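Structural overview for review
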Amino acid sequence: MKVSFHGQSAVKVVTEKHKIFIDPFITGNGASDLDASKVEADVILLTHGHNDHVGDTLDIAKRNDSLVVAPNELANYLSSRGLNTHPMHIGGAHQFDFGKVKLTQAFHGSAFTDENGESIYTGMPAGILLTVEGKTIYHAGDTGLFSDLKLIGERNEIDLALLPIGDNFTMGPEDALVAAEWVNAKQVVPIHYNTFPLIEQDGDAFAEKVKPGKGIALKPGQSIDL
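A quick note: this is a predicted structure, and the numbers were derived from the prediction, not measured.

Another point: the environment of Asn 156. The residue Asn 156 is located in the loop between α4 (149-155) and β13 (160-164) in this model. When the C-alpha atoms of Asn 156 and Thr 136 are compared, they prove to be 8.0 Å apart, with 20 residues separating the residues in sequence.

Right, dumping it as structure tokens:
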């Protein structure tokens, strides 16, 4: 399978049979390499309701008839907008035809601002454990450092961890290095940085400080094979 990074927290996973997109924030994302109108996705996984994560979900899902998997309140809201959704909640797992999804804790907020400027509460934020084709990807979502990351690492053999490093709204690089140690993934990719000035960080410097051979900073559009 191929995992590619597309700026902010947007990640695409292409398996033998499915195209899975996590947090497809493309339009308005100056770091993205994609044109949202051309994105294909069988499945969209969302960590929480902030606009820089929900992103182009409405347009992509309607055009592709994508299944949207999200925390319960966010899934219910998107269902009311006409999308095909599957609601989940923290600690819960479900086996889909494309793979297994389990939601984990993430310490953050979650609200979606609609086209009328109304802020809609979208439930608890989450991280995502995606297991597909024998590999497990951990997308931490937006979160600060918390000690149960150790438990996530102990209970799961994680092949790839996607960890925020932007600081201010999420973990910064120093805390993300601790998270990388606790999660103990085979590879670690930094996300949620350099999209706008307040979260500018050096992804390469972070990757170099992760255990030798484990850290890799992907530029938008770059991918790795699992």
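As a further point, take the pattern of salt bridges. In the structure shown here, the tally under the stated rule is seven salt bridges. Its salt-bridge partner being Arg 81, residue Glu 115 comes within 3.2 Å of it at the nearest N-O pair. In this pair, Glu 115 is assigned in the loop between β9 (111-113) and β10 (119-121) and Arg 81 in the loop between α3 (72-80) and β6 (84-88), connecting sequence segments 34 residues apart. Glu 115 gets classed as exposed once you look at its relative accessible area, which sits at 59%. Given a relative accessible area of 24%, Arg 81 falls into the partly exposed group. Connected via shared salt-bridge partners are Glu 157, Asp 159 and Lys 186.

What follows concerns a nonpolar patch on the surface. There is a patch of nonpolar side chains on the surface, built from Ile 90, Tyr 121 and Met 124 and spanning about 300 Å² of accessible area. The residue Ile 90 is located in the loop between β6 and β7 (93-95) in this model.

What follows is about the packing of aromatic side chains. Under the counting rule described, the total for this entry stands at four aromatic pairs. Aromatic pair Phe 96 and Phe 98: ring centres 4.8 Å apart, planes at 15 degrees, arrangement stacked. Among the residues examined, Phe 96 registers a relative accessible area of 10% and is labelled buried.

Within the sequence span of α3, burial applies to Leu 74, Ala 75, Tyr 77 and Leu 78. Each buried residue of α3 sits inside an arc of 160 degrees when the element is viewed along its axis, so together they form one side. Where the residues of α3 are buried, they touch α1 (51-54), α2 (57-64), β5 (67-71), β6, β9 and β10. Where α3 ends, the next residue or the one after it, Gly 82, has phi of about 100 degrees, a positive value.

The next subject is the nonpolar core. Judged by nonpolar contacts, the single largest core of 27 residues is most densely connected at Val 3, Val 13, Leu 45, Val 69, Phe 98, Val 101 and Leu 130. Take this core: its biggest share by element is four residues, from strand β11 (residues 126-132). The contact partners of Val 3, leaving out residues within four places of it in the chain, are Val 11, Lys 12, Val 13, Ile 137, Leu 160, Leu 218, Gln 222, Ser 223, Ile 224 and Leu 226. One finds Leu 149, Ile 165, Ala 185 and Val 188 within the second-largest nonpolar core, a separate group that totals 22 residues.

What follows covers the sheet that holds β13. The six strands lie next to each other as β7-β8-β11-β12-β13-β14, forming an open sheet whose pairing is mixed. Looking at strand neighbours, the two that pair on one side only are β7 and β14 (187-191), the edges of this open sheet. Across the sheet, the mean angle from the axis of one strand to that of its neighbour is 15 degrees, orientation sign disregarded. Both strand β12 (residues 135-139) and β13 contribute to a ladder of three bridges, which runs parallel. For Ile 137, the partnering residue across the bridge sits in β13 and is Leu 160.

Procedures and definitions
Residues numbered from 1 in each chain as written. Predicted model: local features only at pLDDT ≥ 70, side-chain atom pairs only at ≥ 80, totals over all residues. Heavy atoms only, no water. Helix = DSSP H or I, 4+ residues; strand = E, 2+ residues; numbered from the N terminus. Salt bridge = Lys/Arg side-chain N within 4 Å of Asp/Glu carboxyl O. Buried < 20%, exposed > 50% of the residue type's maximum accessible area, 1.4 Å probe, protein only. Patch = residues over 30% accessible without salt bridge, like charges linked within 9 Å, V, L, I, M, F, W, Y side chains within 5 Å. Areas by Shrake-Rupley, 256 points an atom, 1.4 Å probe, with all protein chains shown as cover. Phe/Tyr/Trp six-rings, centres within 6.5 Å; stacked < 30°, edge-to-face > 60°. Arc of directions from axis to C-beta. Contact = heavy atoms within 4.5 Å. Core = buried A, V, L, I, M, F, W, Y, C linked by side-chain atoms within 4.5 Å. Pairing = 2+ DSSP bridges. Axes fitted to C-alpha atoms, helices over the stretch in contact; angles between N-to-C directions.

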